[in-house]
Amino acid sequence: MSTCDQPALERFRDYLIQPGEMLCFDGPTLDEHVESLRQLTADGLVTKEKFKGGYTLTQAGFDAMHADDSN
């Protein structure tokens with residue numbers, strides 16, 4: 001995961017999203033993170049939902065989001 005993708009993944013952490021839960025990005029927030037969300041989807045860390053701006057955190061994404069917690 002690149003450092004450019006971390007802010008989008010941190011939004012899931014901000015809202016205490018668990019694997020299998022969806023977070024909706026809207027308006028300026030979606031515009032700000034759209035490229036990162038595309039990359040996170042390609043990396044299997046989130047799943048894009050049919051609902052506009054909806055992304056579900058995968059277990060791999062959850063693990064990546066908390067990888068630095070042990071430091």
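Definitions and limits used
Residues numbered from 1 in each chain as written. Predicted model: local features only at pLDDT ≥ 70, side-chain atom pairs only at ≥ 80, totals over all residues. Heavy atoms only, no water. Phe/Tyr/Trp six-rings, centres within 6.5 Å; stacked < 30°, edge-to-face > 60°. Helix = DSSP H or I, 4+ residues; strand = E, 2+ residues; numbered from the N terminus. Buried < 20%, exposed > 50% of the residue type's maximum accessible area, 1.4 Å probe, protein only. Pairing = 2+ DSSP bridges. Axes fitted to C-alpha atoms, helices over the stretch in contact; angles between N-to-C directions. Contact = heavy atoms within 4.5 Å.

Evaluation of the coordinates by the stated rule reveals two aromatic pairs. Seen from their ring centres, Phe 12 and Phe 25 are 5.7 Å apart, and the 55 degrees between their planes marks the pair as tilted. Within this pair, whereas Phe 12 is found in helix H1 (residues 6-14), its partner Phe 25 is found in the loop between strand S1 (22-24) and helix H2 (27-42), the two being separated by 13 residues in sequence. In this structure Phe 25 comes out as buried when scored by relative accessible area, which is 3%. Counting every residue linked through ring pairs, the aromatic cluster contains Phe 12, Phe 25 and Tyr 55.

With that out of the way, let us pick up the sheet that holds strand S2 (residues 46-48). Read across the sheet, three strands follow the order S1-S3-S2 without closing on themselves; strand pairing throughout is antiparallel. The sheet terminates laterally at S1 and S2, the two strands that pair on one side only. The sheet shows a mean angle of 30 degrees between the axes of neighbouring strands, direction not considered. Where S1 and strand S3 (residues 54-57) come together, three bridges link them in antiparallel fashion. Paired with Met 22 across the bridge in S3 is Thr 56. In the packing of H1 onto the sheet, contacts are made with S1, S2 and S3, and the angle to S3 comes to roughly 75 degrees.

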